[in-house]
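Residue-level listing of the chains:
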Amino acid sequence: MKNSKTTIKDKIEQIVEYFRAQDEGKAYTALIELIDVLMEYYTNENNQKESDIEMLRELLAAIENRDSVLIADILEYELKEKFQ
């Protein structure tokens, strides 16, 4: 489980860096990869918590609105701390 947490944390840091640099193409590509990893993590690790589900809903809304600042903030300040 630690390895998947490290992978998720590293991917989040990479995506945030892309968004902050305004490289949205790379950011969204990496975000899709992160979503795949998160789906596997939450399915296999049975780590589904209500707070996580709400945060992921907020992330989805930000993605749908293409709000790159909010996406980066949610990833950096909410999701990343769950994988420390």
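Going by the structure above, here's the rest.
In this text the structure is predicted, and so the values were computed from the model without any measurement. (Residues numbered from 1 in each chain as written. Predicted model: local features only at pLDDT ≥ 70, side-chain atom pairs only at ≥ 80, totals over all residues. Heavy atoms only, no water.)

Enquirer: When you look at the side chain of Lys11 in this model, what are you seeing that I'm missing?
Expert: Tracing the backbone through its elements, the reader meets Lys11 in helix α1 (residues 2-20). Non-local contacts of Lys11, meaning those with residues more than four positions away in its chain, are made with Ala30, Glu33 and Leu34. (Helix = DSSP H or I, 4+ residues; strand = E, 2+ residues; numbered from the N terminus. Contact = heavy atoms within 4.5 Å.)

Enquirer: How should I be thinking about the packing of helix α3 (residues 50-64) against helix α4 (residues 68-79) in this particular structure?
Expert: The axes of two packed helices give the description: the angle between them and the distance between them. Where α3 meets α4, the axes come as close as 9 Å, and the angle between the chain directions of the two elements is 160 degrees. The angle between the axes of α3 and α4 places the two elements in the roughly antiparallel class. Seen along the crossing, α3 lies across α4 with a hand that is left-handed. Within the contact between the two elements, α3 uses Met55, Glu58, Leu59, Ala62 and Ile63 and α4 uses Leu70, Ile71, Ile74, Leu75, Glu78 and Leu79. Residue classes in the contact of α3 with α4 are distributed as nine nonpolar, no polar and two charged. (Axes fitted to C-alpha atoms, helices over the stretch in contact; angles between N-to-C directions. Parallel < 35°, antiparallel > 145°, perpendicular 65-115°, else oblique. Left-handed = near helix turned anticlockwise from the far one by under 90°. Nonpolar A, V, L, I, M, F, W, Y, C, P; charged D, E, K, R; others polar.)

Enquirer: Before we go on, may I ask you to explain the pattern of salt bridges in this structure?
Expert: Any two side chains of opposite charge can pair if their charged atoms end up close together. Counted under the stated rule, the structure contains eight salt bridges. Here Arg20 makes a salt bridge to Asp73, at a shortest N to O gap of 2.9 Å. Linking Arg20 in helix α1 with Asp73 in helix α4, this pair joins segments that are 53 residues apart in sequence. Owing to a relative accessible area of 40%, Arg20 belongs among the partly exposed residues under this scheme. One salt bridge connects Asp23 with Lys26, and the closest N-O pair in it is separated by 3.9 Å. Look at Asp23 and you get partly exposed, because its relative accessible area is 28%. When salt bridges that share partners are traced, they join Lys9, Glu13 and Lys80 into one network. (Salt bridge = Lys/Arg side-chain N within 4 Å of Asp/Glu carboxyl O. Buried < 20%, exposed > 50% of the residue type's maximum accessible area, 1.4 Å probe, protein only.)

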